[in-house]
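Residues per chain are reported as follows:
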Amino acid sequence: MAAADAPVSALQPRAASCAGRLLDADRVLLASHIDADGLTSAAVAAAALERAGISFEAVFEKQLDADAIAAIAERDYGTVLFTDFGSGQLDIIADHEAAGDFVPVIADHHQPADAGTEYHLNPLLEGIDGASELSGAGASYLLARELAGRPGADERLDNRDLAALAVVGAVGDMQASDGQLHGANRAIVEEGIEAGVLEETKDLAVYGKQTRPLPKLLEYASDVRIPGITNDERGAVSFLEGLDVPCLADDEWKRWVDLTDEEKRTLASALVRHAVSRGVPASKIDRLVGTSYLLTEEAVGTELRDASEFSTLLNATARYERADVGLAVCLGDRGSAFERAKKLLRNHRRNLSEGIEYVENNGVTRTEHLQWFDAGAEIKETIVGIIAGMSMGADGVSRESPIVAFAEKTDEETKVSGRATGPLVSSGLDLSVVMGEAARAVGGDGGGHDIAAGATIPAGTEETFIEHADRIVSEQLS
Ligand code: C5P
Ligand code: C5P
Ligand code: C5P
Ligand code: ZN
């Protein structure tokens, strides 16, 4: 494809060169990350490889550390496609490449380590923001677009249908800001709309519009706290009962998707009026409205119709050692894998709400420049980052300073997750540096994005880690 015709022209040469290498391979080992973005990255790549007639096998890793890369090298594959990770571990990967273990092809959006390799597709290498403008699934999508139309590929398909999964990945990585996706992500949304697989609507920006009964939808919407409704079941019910909107059908609460457009508008403006009357500031009121990304080929009222619910469903699989289930759902299984994923989702939701309760009950410890909590074995290390992010703004947790969370990984190792906000990043905070440097100072390692990053450190070094992190945050924000 000519760069000018590519969805993101600045990345087209890299995408084309990666695609060329894959097409030269007999078979490919596809390695990806265990979250929503990692799963959708793998699904986009898997579909494109399949359509291009390239045989492959998929594996998932919680963290791509030296051991995981060594295990990948042990597998007898000449070509390894890394999606949604790989850039941050480029130094280790390059050593394996130099040793002749495999040729790496990387489609990622994390901060690259200090090393080079030939087939490397990453927005940060072309001045595009990897935390807000392109996700791993987006990078994978650009690669898929280049794999289409090559000799051997299925001629009927240009892979633009895969834009829907790419958007689920971006939304899952929380790349939407000011209520919508931006930059290269925006170009992918447009291709998905043209291909007829996506639709965007300006709508109430609360989670669960497809599947939650209306009272739960409002009660659980905690991003913008509305007194008398948020975390207040009776309040939410009486608010709904006071509206001139039929919210019940056959004695059952309707969901948002069951309302007509007119009814949705009535409910949304009543909610805004209620929030204003309870003193919610204008800046927060704005956050009540945002863009929803809908997958037009999925059934209305299911977890798959809305990109944000879809991404949570995926996190509910891969973060609980069931990446196979999430991948199957991404690739179109609407039978047993989908049923299984919904069961896993119930468990994930319970864990999220118990996790947030844990943070609210136990509180955070404040240092001069950050706040932290240690969940020990009370929160699973694969979801402690999600909980840290969701807890910002909860009772007793400030949005004015970054949050650091610890959870037990093994007896010897502790998982660390850091989360920040847009304004903190604008003021100079870069958590990928904070996590990386503080972790290395105590004999661990870490990285990620400016706004969200993680690390693994030796158990027992938590307090020293915090001292280092506090100092680095203070340097960045001064
Ligand atoms: O490894 P990966 O890039 O997929 O993980 C990104 C993580 O960063 C996700 O857990 C996502 O929720 C978090 N994030 C965030 N706020 C943002 C962007 C990302 O909490 N604005
Ligand atoms: O689980 P995941 O990181 O994909 O969640 C994305 C966002 O969706 C969360 O930050 C939260 O605001 C919202 N969410 C929610 N209730 C859930 C799961 C997710 O409000 N049960
Ligand atoms: O695990 P958590 O959700 O906190 O990760 C936040 C971000 O930091 C993710 O993008 C993840 O890939 C990255 N990370 C990393 N190195 C680690 C741990 C997390 O790059 N050791
Ligand atoms: Zn990602």
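In the annotation of an unreviewed UniProt entry, the entry for the chain reads DHH family phosphoesterase, and the organism field reads Natronomonas aquatica.

> Even after reading the chapter, I still don't get the site of ligand 3, so can you show me in this structure?
Surrounding ligand 3, one finds 15 residues, the nearest of these being His110, Lys415, Ser417, Arg419 and Gly447. Within the side chain of Ser417, a nitrogen or oxygen atom sits 2.5 Å from an oxygen atom of ligand 3. The protein chains hide 86% of the 450 Å² of surface that ligand 3 would expose on its own. Of all the secondary-structure elements, those providing two or more residues to the shell around ligand 3 are strand E13 (413-419), strand E14 (445-448) and strand E15 (452-458). Classifying every residue of the shell around ligand 3 by side-chain character gives three nonpolar, nine polar and three charged. Both domain 1 (6-174) and domain 3 (363-477) contribute no fewer than three residues apiece to the shell around ligand 3.

> Any chance you could explain the UniProt feature "domain: DDH" (unreviewed entry) in the chain here in plain terms?
Under the UniProt annotation, "domain: DDH" (unreviewed entry) lies at residues 28-148. Summarising residues 28-148: 38% helix, 21% strand, and an end-to-end C-alpha distance of 17 Å.

> How should the coordination of the zinc ion (ligand 4) be read in this particular structure?
In ideal tetrahedral geometry, four donors around a metal make angles of 109.5 degrees, whereas ideal octahedral geometry with six donors gives angles of 90 or 180 degrees. Here the zinc ion (ligand 4) is held by the protein donor atoms Asp37 (OD), Asp84 (OD), His109 (NE2) and Asp173 (OD), which lie 2.1 to 2.3 Å from it. Donor residues for the zinc ion (ligand 4), ordered by position in the chain, follow D-x46-D-x24-H-x63-D. Placement of the pair is Asp37 in helix H2 (residues 36-51) and His109 in the loop between strand E4 (103-107) and strand E5 (119-121), with a sequence separation of 72 residues. Judged by relative accessible area, which is 0%, His109 ranks as buried.

> Would you take a moment to explain the sheet that holds E13 for this structure?
Two strands in a sheet stick together by hydrogen bonds in their backbones, pointing the same way (parallel) or opposite ways (antiparallel). As summarised here, the arrangement of the six strands in space is E10-E11-E12-E13-E15-E14, forming an open sheet in which the pairing is mixed. In this open sheet, the two edge strands, each paired with only one partner strand, are strand E10 (365-366) and E14. On the sheet, helix H15 (residues 384-391) packs against strand E11 (371-374), strand E12 (403-408) and E13 and is oriented at approximately 35° with respect to E13. Lying on the sheet, helix H17 (residues 431-441) is in contact with E12, E13, E14 and E15; it crosses E14 at an angle near 175°.

> When you look at helix H5 (residues 136-147) in this model, what are you seeing that I'm missing?
Think of an α-helix as 3.6 residues a turn; residues three or four steps apart then line up on the same face. For H5, spanning twelve residues, the distance from its first C-alpha to its last is 16 Å, which sits close to the expected 16 Å at 1.5 Å a residue. In terms of burial, H5 is largely enclosed, as twelve of its twelve residues are buried. Gly149 sits one or two positions beyond H5 and adopts a positive phi of about 75°.

What counts, and where the lines are drawn
Residues numbered from 1 in each chain as written. Chains lettered and ligands numbered in written order. Predicted model: local features only at pLDDT ≥ 70, side-chain atom pairs only at ≥ 80, totals over all residues. Heavy atoms only, no water. Near = heavy atom within 4 Å. Polar contact = N/O pair within 3.5 Å; in protein donor to acceptor, adjacent residues only side chain to side chain. Areas by Shrake-Rupley, 256 points an atom, 1.4 Å probe, with all protein chains shown as cover. Helix = DSSP H or I, 4+ residues; strand = E, 2+ residues; numbered from the N terminus. Nonpolar A, V, L, I, M, F, W, Y, C, P; charged D, E, K, R; others polar. Domains from an automatic or database assignment. UniProt positions renumbered as here; feature names shortened; annotations may be inferred. Donors = N, O, S within 2.8 Å, 3.2 Å for Na, K, Ca; no water. Buried < 20%, exposed > 50% of the residue type's maximum accessible area, 1.4 Å probe, protein only. Pairing = 2+ DSSP bridges. Contact = heavy atoms within 4.5 Å. Axes fitted to C-alpha atoms, helices over the stretch in contact; angles between N-to-C directions. Expected span 1.5 Å × (residues − 1).

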